[in-house]
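Structural overview for review
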Amino acid sequence: SMNRSKVLPGFFEAMGIEVVRGRSFTVNDTRETADVAIVNETLAERFFSEQSALGRHLRWPLGEEAESRDFEIVGVVRDIRSGDFLAEPDAMVYFSYPQHNYPSGSALVVSAVGDPAAAVPTLSRWLREFEPHLAIVNVLTYREIVSGFLYTQRMNAELFAALAILGLALAAVGIFSVMSLAVSRQTREIGIRMAIGAQRGDINRMMLGRALIPVALGLALGLIGALAATGLVRSLLFGVEPTDPVSMIAGVAVLIVAALLAAYLPARRATMVDPVSALRGER
């Protein structure tokens, strides 16, 4: 498939789209001059492979024209994502707006210095002075446009984040409960070790070490499963990889802390009681 867009001279400069070969549109590209077009890298590579697209011609049927027109390719620009930020860039051809009819509903792209929202009143005043009958339907900053495009992804991300946090909390509570019960059942062993001279620090380190072994094994298996499932969630992510190290480390840290607290608290409680009471299994 191939997309098209009609732009004014200065569009690529305002949007920060690099012209990698050839030239950009100029004010001289009008009805009185030869029809020209600019293509993106994807189109150039797809249709012209290793050959340079510059100087080549393409015929394009335009709605306002009875027949197709012949356009000379005068430039190649970088690919951009438009409309769908998660999809790979498609082949795109750009035409010079002054060489075509101006339909209603055209959009004007303005690059502002500083806060774009603060420039809106000045811009509207200039447009009114230039053409009093101009209908300014809507003025949006590109931040708002991008936010609109990503609305569905953002809602999905918030939902998945809430579910992930809930799942992490349940996992932490589960680890804490099971580990705490397991350590509490070793009160008698702790009493025996203290009766033969073990220090509280030794007991705590031993309990923490025992707690970490099954948790570390579970985390290793969980990380392997998470890495295996990256292909399933990659299409749902934008701007972050499914193997994002910060997210991985944060999740692992929460579960390790839960396990350490679960082992430390009952072990500390057991070491605070009299060894004789601990030997009887009393809490």
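Residues numbered from 1 in each chain as written. Predicted model: local features only at pLDDT ≥ 70, side-chain atom pairs only at ≥ 80, totals over all residues. Heavy atoms only, no water.

Broken down by element type, the protein chain carries 10 helices and six strands. Burial analysis of the protein chain (283 residues in total) assigns 26% to the buried set. Long-range pairs, those at least 24 residues apart, make up 73% of the contacts in the protein chain with a sequence separation of at least 6. As displayed, the protein chain has an accessible area near 17,900 Å², and 61% of this comes from carbon and sulfur atoms. (Helix = DSSP H or I, 4+ residues; strand = E, 2+ residues; numbered from the N terminus. Buried < 20%, exposed > 50% of the residue type's maximum accessible area, 1.4 Å probe, protein only. Contact = heavy atoms within 4.5 Å. Areas by Shrake-Rupley, 256 points an atom, 1.4 Å probe, with all protein chains shown as cover.)

Between side chains of opposite charge, a pair can form when the charged atoms approach closely. Taken as a whole, this structure holds six salt bridges when the rule is applied. For Arg-69, the salt bridge is made with Asp-35, and the minimal N-O distance between the two is 2.8 Å. Highlighted residues: Arg-69 in strand β5 (residues 69-77) and Asp-35 in the loop between β2 (19-22) and β3 (36-40), separated in sequence by 34 residues. The buried category is assigned to Asp-35, whose relative accessible area is 19%. With its nearest N and O atoms 2.7 Å apart, the salt bridge here joins Asp-202 to Arg-205. Taken together, the residues Asp-202 and Arg-205, both in helix α7 (residues 200-228) and three residues apart, mark about one turn of the helix. (Salt bridge = Lys/Arg side-chain N within 4 Å of Asp/Glu carboxyl O.)

Here the focus is the packing of helix α4 (residues 142-149) against helix α5 (residues 151-184). Where α4 meets α5, the axes come as close as 4 Å, and the angle between the chain directions of the two elements is 60°. For the pair α4 and α5, contact is made by Ser-147, Gly-148 and Phe-149 and by Tyr-151, Gln-153 and Arg-154, respectively. A class-by-class count of the residues in the contact of α4 with α5 yields two nonpolar, three polar and one charged. (Axes fitted to C-alpha atoms, helices over the stretch in contact; angles between N-to-C directions. Nonpolar A, V, L, I, M, F, W, Y, C, P; charged D, E, K, R; others polar.)

With that settled, the discussion passes to the side chain of Asp-35. Side chain to side chain, Asp-35 and Arg-69 meet in a polar contact 2.8 Å long. Ignoring anything within four residues of it in the chain, the contact list for Asp-35 reads Arg-69, Asp-70, Phe-71, Glu-72 and Gln-99. (Polar contact = N/O pair within 3.5 Å; in protein donor to acceptor, adjacent residues only side chain to side chain.)

Quick look at the nonpolar core now. Across soluble globular proteins, you tend to see nonpolar side chains buried next to one another. Counting 17 residues, the largest nonpolar core has Met-179, Val-183, Ile-190, Ile-203, Met-207, Val-215 and Ala-263 as its most contacted members. Mapped by element, the contributors of at least two residues to this core are α5, α6 (187-195), α7 and α9 (245-272). For Met-207, the residues in contact, after removing those within four places along its chain, are Val-183, Gln-186, Ile-190, Ala-263 and Ala-267. In this structure, Val-39, Ala-44, Leu-58 and Phe-71 belong to the second largest nonpolar core, which totals 14 residues. (Core = buried A, V, L, I, M, F, W, Y, C linked by side-chain atoms within 4.5 Å.)

This part is about helix α3 (residues 116-130). If you check α3, its first and last C-alpha atoms are 20 Å apart, about what 15 residues at 1.5 Å a residue would give, namely 21 Å. The axis of α3 is deflected most strongly, by about 25°, at Thr-122. (Expected span 1.5 Å × (residues − 1). Bend = angle between axes of the 7 residues up to and from the residue.)

Quick look at helix α2 (residues 41-48) now. Where α2 is concerned, the buried positions are Glu-41, Thr-42, Leu-43, Ala-44 and Phe-48. On the buried face of α2, the contacting elements are β1 (2-7), β2, β3, β5 and β6 (91-96).

On to the packing of α6 against α7. Taken N-terminus to C-terminus, the directions of α6 and α7 make an angle of 145°; their axes are 11 Å apart at the nearest point. As α6 runs across α7, the sense of the crossing is right-handed. The residues of α7 that touch α6, namely those facing Glu-189, Ile-190, Arg-193 and Met-194, are Ile-203, Met-206, Met-207 and Arg-210. Looking at the contact of α6 with α7 residue by residue, the class counts come to five nonpolar, no polar and three charged. (Left-handed = near helix turned anticlockwise from the far one by under 90°.)

Okay, a nonpolar patch on the surface next. The grouping of Phe-176, Val-257, Leu-261, Tyr-264 and Leu-265 at the surface amounts to a nonpolar patch, some 400 Å² of accessible area in total. Per element, the largest residue contribution to the nonpolar patch is four residues, and it comes from α9. Its location among the elements puts Leu-261 in helix α9. Note on Leu-261: relative accessible area 41%, which makes it partly exposed. (Patch = residues over 30% accessible without salt bridge, like charges linked within 9 Å, V, L, I, M, F, W, Y side chains within 5 Å.)

With that out of the way, let us pick up the pairing of strand β4 (residues 57-60). Two faces belong to every sheet, and in a regular strand the side chains alternate between them. Of the two faces of β4, the one lined by Leu-58 and Trp-60 is fully buried and the one lined by His-57 and Arg-59 carries no buried residue. Alignment of β4 against β5, held across four bridges, turns out to be antiparallel. If you follow Trp-60 over to β5, its bridge partner there is Arg-69. (Pairing = 2+ DSSP bridges.)

Moving on to the pairing of β5. Burial runs high along β5: seven of the nine residues are buried. Bridge count between β2 and β5: three bridges; the pairing is antiparallel. Paired with Gly-22 across the two strands is Gly-75, which belongs to β5. As paired strands, β3 and β5 are joined by five bridges and run parallel to one another. Its bridge partner being in β5, Asn-40 is matched across the sheet by Val-77.

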